[in-house]
Every structure is written in C-alpha cells, then in structure tokens.
Amino acid sequence: MESGNNTRISEFLLLGFSEDPELQPLIFGLFLSMYLVTVLGNLLIILATISDSHLHTPMYFFLSNLSFVDICFTSTTIPKMLVNIQTQSKAITYAGCITQMCLFLVFGELDNFLLAMMAYDRYVAICHALHYTVIMNPRLCGLLVLVCWILSVLHALLQSLMVLRLSFSPHLEIPHFFCELNQVVQLACSDIFLNNMLMYFIALLLASIALIGILYSYAKITSSICAISSAQGKFKAFSTCASHLSVVSLFYGTGLGVYLSSAAAQSSHSSATASVMYTVVTPMLNPFIYSLRNKDIKKSLKSLFTKMSSSVSDLENTLGHRRDEVPGGWTSGRQSFSHHQAHPGRTLHFHRETFLPEMVSRSFGCGGLDSLCYVARTLHVLLHGTGI
C-alpha cells in the first residue's frame, strides 16, 4: 500500500449539480438568495440577543452561538460554489479541498453538540426551575460551549489527517458541490479501510451521544410537563421547547434523509441534491423557526429595527443640518476649492482664518469666538475633516 499524500495531485474538480449551461444562472441565483437569507437571518438573531439585556440568558446564549455556527457552516461551501459558477470553473485546490472539508466537519459537529446543550438547558429550566440560575451559570455555559468546540475541532483534525495519508490520482472529479469527506475518501487510490472505519464509527458515536442526550432531556421534560395539573401550565412549559424541538427534528430528520437517500440512490448527483437540505436549507430556516415561534425574539427584533431606523434618521438629519449651516453651502465650498487650485497660498490662508472658525462656530452652536473655543473647534474640524 502506498502511504502518504501523492504530490502529483494539485486540484479536484467539483462537478456540482448540473453541467447544463442554461441551468447555471438559475442555480447561482437560487443559492445566492438562500445564502444571503441565511446570513442575514442568523445575524439578526445574534444582534437581537446582544442588544437586548432581557435575552442575556443561557438559552439565548446557546442560540446566538448556534446562529454564528450556522453562518460559518453555510459559508464553508456556498461561496466557493458561487465563485465556481460565476467564473465557469470547477477547480478547487488540494489544500482548499482539505481546508473546506475540515471546516465543514467542525461546524457540522458544533451544530450537533449545540443542539444537545440547548436540550440540556431546557431540561434544567423545566425540571429544576428553582435552581436554574444556579446550575446554568455563565461559567458553566461558557465551559459547555468550549467543550463543544474542542471536540469538534479534534474530530475534524483527525479526519483531515487521515485523508492526508491517502494517495490520489491527478485531476479527480468529485460529484458534489463541496469537498464532502466520504466523496473524497472514495476517490483515493490507496487502502481506505481504516478511513471508512474511523469515519463511520466516530460519526455514529458523536451523533449518538448528542442524540441520546437530547432524547433523555426531552423524556424528562415530557414527564415533568405531564405532572403539571393545569392545561395552561402544560402549554406554557411546552412552548418554551417548541422552537428547539422543531430545529432538532429538522436537523436530524434531514441528515437521516440524506444518508438514506444516498444509500438508495444510484447517482452521486442525487446525494449532492439531498445534502442541500442539511447544509443550506436547515441553517436558513433556523432563524425563522426561532423568530416566528418566540415572542421574546420578535419583540427584540422589533426593538432592534426601531433603533436602527431611528439612528439612520438622526444621522440624515444631522448631515442635512450641517450641510445647511455651512456658509455659502456646498457650492461655496466647491468654488473656494477651485479658487485654491488657482491661488493655493492665498486661499489656504482664507480657509484657516475665516472659513473654518465661522463654520465650526455655526455648526457647534457657540456664539463667541473666544480663544479657547476657537482652538477647540478648529482642531476638531482639522482632525475630523470639513467635508469640502
């Protein structure tokens, strides 16, 4: 068996979904739209949780981390595919393929672990409500996220190092829109038994640990909800888990569907199409699930939009006010600049001693031009620019 990376390999070819030139603009527009919606939606969730002090709780701390991971998860695959479509090139370098594969594994596992952490958070909130703030303290939450990162990075590095030991023939074609681990391993010339064993064993182990934790948490949650006597109390307790339960069902349901469809499908392109569900669609739908089913998020987003709109209006009013108060308006400034080109020394003296102090005086609203006020205003304008 030939061991080590074959130095002849320089790049892979990502075949994508279709080689039909007429479909490329449609595919480009569709995936660009989904990518922008994914980034914008998850970014709004992050901004909402940061800006609203009422959302500084463990549940929304994990949610903001999940949104960040979803942005990174999608960004490892879609931008490269869009660039390839736009440049009409299918090539990706060997180093770029390994990097993309490693990052995809990191953020994919982080999604898996964060969903388990969020399930544990809901379990503590419902089953141990009186001790919730004591148990889910900031230190524990930060430690849980750190453990998730460490496990994900170690798993990705292990799988990447196992791929680096394989040998490949030059100019290999990957029937996918990104460097998926299983597709890359199957293209190797050397023995891949150890790679396949580790790939499936570790993936099954990590997914099982997270899924068992989620199922155990919801089993306890269901038991606690059934013990509540009032129907209103049951509904309120269940509503706090509804969004997370929807995301968990979507994530694991699409992931399971992809593996089942890829096992049954005869074409690798069918597997690539099915993988869109958990690589693109799931991260795109997560913000909608949490925002549409969560009153706190909707309220925070509404407040965020109001603040942003108010800030833009204030900025426009300030700029308009400054423009109107400049002596002679902007036209006078342009005329002075033209005059400066013809007589640079004379005009520069006019600007510093006449125009700037008067402009600063009017803009900052001080009546007199005493020495201190004059120096302060003039230095402020000289440092920050006059806009002319």
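Residues numbered from 1 in each chain as written. Predicted model: local features only at pLDDT ≥ 70, side-chain atom pairs only at ≥ 80, totals over all residues. Heavy atoms only, no water.

Colleague: Tell me what's going on with the overall build of the chain, and back it up with residues and numbers.
Modeller: Along the backbone of the chain there are 14 helices and three strands. In the chain, buried positions account for 44% of the 388 residues. A separation of at least 24 residues holds for 75% of the contacts in the chain among residues at least 6 apart in sequence. Looking at the chain as shown, the accessible area adds up to about 21,000 Å², and 66% of this sits on carbon and sulfur atoms. (Helix = DSSP H or I, 4+ residues; strand = E, 2+ residues; numbered from the N terminus. Buried < 20%, exposed > 50% of the residue type's maximum accessible area, 1.4 Å probe, protein only. Contact = heavy atoms within 4.5 Å. Areas by Shrake-Rupley, 256 points an atom, 1.4 Å probe, with all protein chains shown as cover.)

Colleague: Hey, could you go over the state of the cysteines for me, with residue numbers and the actual values?
Modeller: Throughout the structure, instances matching the rule amount to one disulfide. Paired through a disulfide, Cys97 and Cys179 show a sulfur-sulfur distance of 2.2 Å. Judged by the sign of its S-S torsion, about -125 degrees, the cystine formed by Cys97 and Cys179 is left-handed. Of this pair, Cys97 sits in helix α4 (residues 94-127) while Cys179 sits in the loop between β3 (172-174) and α7 (181-186), placing them 82 residues apart in sequence. For the residue pair Cys97 and Cys179, the accessibility class agrees, reading buried in each case. Cys241 takes part in no disulfide bond, and the closest cysteine sulfur, belonging to Cys127, lies 8.8 Å away. Accessibility expressed as a relative area gives 1% for Cys241, which makes it buried. (Disulfide = S-S within 2.5 Å.)

Colleague: Tell me about the sheet that holds strand β1 (residues 11-14), and please be specific about residues and values.
Modeller: On the basis of which strands lie adjacent, the open sheet formed by three strands has the order β2-β1-β3 and mixed pairing. Strand pairing shows two members of the sheet lacking a second neighbour, β2 (91-93) and β3, which therefore form its edges. Mean inter-strand twist for the sheet, computed between neighbouring axes without regard to direction, equals 35 degrees. Alignment of β1 against β2, held across three bridges, turns out to be antiparallel. Its bridge partner being in β2, Phe12 is matched across the sheet by Ile92. Strand contacts of α4: β1, β2 and β3, with the helix running at about 85 degrees to β2, the strand carrying the most contacts. (Pairing = 2+ DSSP bridges. Axes fitted to C-alpha atoms, helices over the stretch in contact; angles between N-to-C directions.)

Colleague: Please give an account of the pattern of salt bridges that cites residues and values.
Modeller: Throughout the structure, instances matching the rule amount to one salt bridge. Here Asp121 and Arg122 are joined by a salt bridge, their closest N and O atoms 2.9 Å apart. In terms of burial, Asp121 and Arg122 fall into one category: buried. (Salt bridge = Lys/Arg side-chain N within 4 Å of Asp/Glu carboxyl O.)

Colleague: Any details on a nonpolar patch on the surface? Residues and values, ideally.
Modeller: On the surface, a nonpolar cluster with roughly 520 Å² of combined accessible area is contributed by Leu143, Leu146, Val147, Ile150, Leu151 and Leu154. Along the chain, the position of Leu146 falls in helix α6 (residues 138-164). (Patch = residues over 30% accessible without salt bridge, like charges linked within 9 Å, V, L, I, M, F, W, Y side chains within 5 Å.)

Colleague: Could you give an account of the side chain of His155, with specific residues and numbers?
Modeller: Mapping His155 onto the fold places it in helix α6. Residues contacting His155, with those up to four places away along its chain left out, are Leu105, Glu109, Ile202 and Leu206.

Colleague: Could you give an account of unusual backbone geometry, with specific residues and numbers?
Modeller: Its identity as a non-glycine residue notwithstanding, Gln88 has a phi of 55 degrees, on the positive side. Residue placement: Gln88 occurs in the loop between α3 (78-87) and β2. We classify Gln88 as exposed; its relative accessible area is 76%.

Colleague: Before we move on, can you summarise the side chain of Ser67 with the specific residues and values?
Modeller: Locating Ser67 in the fold gives a position in helix α2 (residues 58-75). Aside from chain neighbours lying at most four places away, what touches Ser67 is Asn42, Ile45 and Ile46.

Colleague: Describe in detail α6, supporting the description with residues and values.
Modeller: If you check α6, its first and last C-alpha atoms are 39 Å apart, about what 27 residues at 1.5 Å a residue would give, namely 39 Å. Where the residues of α6 are buried, they touch α2, α4, α7 and α8 (193-226). (Expected span 1.5 Å × (residues − 1).)

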